[in-house]
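An overview of the molecular structure
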Amino acid sequence: MLPDTVAELAGHPRIIGIKEARNDVARMEELLGLRDEAFVVLSGDDPTACRAMLSGADGVVSVASNVLPRSFRRLCELARTRKRDAAEGWNDRMLEINDFLGVEPNPIPVKALLQLQGIGHGLRLPLQPLSATHRDTATRIALAVRELETACDAVAD
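Described below are features of the structure shown in this document. Just so we're clear, the structure is a prediction, and the values are computed from it rather than from any experiment.

**Brief notes about helix α5 (residues 84–100)**
- Taking 1.5 Å as the rise per residue, α5 with 17 residues should run 24 Å; its terminal C-alpha atoms sit 24 Å apart, in good agreement.
- Its axis deflected by about 45° at M94, α5 carries its strongest bend there.
- Within the sequence span of α5, burial applies to A87, W90, N91, M94, I97, N98 and F100.
- Those residues of α5 hidden inside the fold are in contact with α3 (49–55), α4 (69–80), α6 (108–116) and α7 (132–154).

Written as structure tokens, this is what we have:
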């Protein structure tokens, strides 16, 4: 939807917000101008969620948070409290994992990482397992996930 259309819908009593999943700074800025107590703007793009929240987005609907729950909570807390340097630093630590989650269609990479964490049983048809091309990377990324999630508990602002 165009931001003008969103602006028209923002006042509807049954519409409380929008999830914006495009990596478009100007578009996000336009949508953030529509925010008020009755209408929220959420990022739906993990790689740009930090930037969006630091610009005023109310939060994120995240794929990566399924494998990085503590890390995403920390990122959101840092961004909401406008600790820009800390938020951007934490976001930088998550970049490689976010990049991996885009190597194949969602939810294949996230399900592969969850399975490596002992969560779930893989995918159901018609989805296929992570391709052999990315399996070694998945194992390495699963270790990075474990380290980052553990670091969340030890890091101070």
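**Thoughts on the environment of P3**
- Along the chain, P3 turns up in helix α1 (residues 3–10).
- Placed 30 residues apart in sequence, P3 and G33 show a C-alpha to C-alpha distance of 9.8 Å.
- What P3 contacts, discounting residues up to four positions off in sequence, is R27, E30, L31 and L34.

**Here's the deal with the packing of aromatic side chains**
- Across all of its chains, the model carries zero aromatic pairs by this definition.
- Positioned above the aromatic ring of W90, the side-chain terminus of R74 is 5.3 Å from the ring centre.

**Remarks on the pattern of salt bridges**
- Inspection of every chain in the model, using the stated rule, returns six salt bridges.
- Between E20 and R27 there is a salt bridge whose closest N-O contact spans 3.0 Å.
- Judged by relative accessible area, E20 falls into the buried class, the value being 4%.
- Residue classification places R27 among the buried positions, given a relative accessible area of 9%.
- E77 serves as the salt-bridge partner of R73, at 2.9 Å between the closest nitrogen and oxygen. Remark: E77 and R73 occur in helix α4; sequence separation between them is four residues, near one turn of the helix.

Parameters and conventions
Residues numbered from 1 in each chain as written. Predicted model: local features only at pLDDT ≥ 70, side-chain atom pairs only at ≥ 80, totals over all residues. Heavy atoms only, no water. Helix = DSSP H or I, 4+ residues; strand = E, 2+ residues; numbered from the N terminus. Expected span 1.5 Å × (residues − 1). Bend = angle between axes of the 7 residues up to and from the residue. Buried < 20%, exposed > 50% of the residue type's maximum accessible area, 1.4 Å probe, protein only. Contact = heavy atoms within 4.5 Å. Phe/Tyr/Trp six-rings, centres within 6.5 Å; stacked < 30°, edge-to-face > 60°. Lys NZ or Arg CZ within 6 Å of the ring centre and 35° of its normal. Salt bridge = Lys/Arg side-chain N within 4 Å of Asp/Glu carboxyl O.

Limitation: the analysis is restricted to geometry and does not speak to function.
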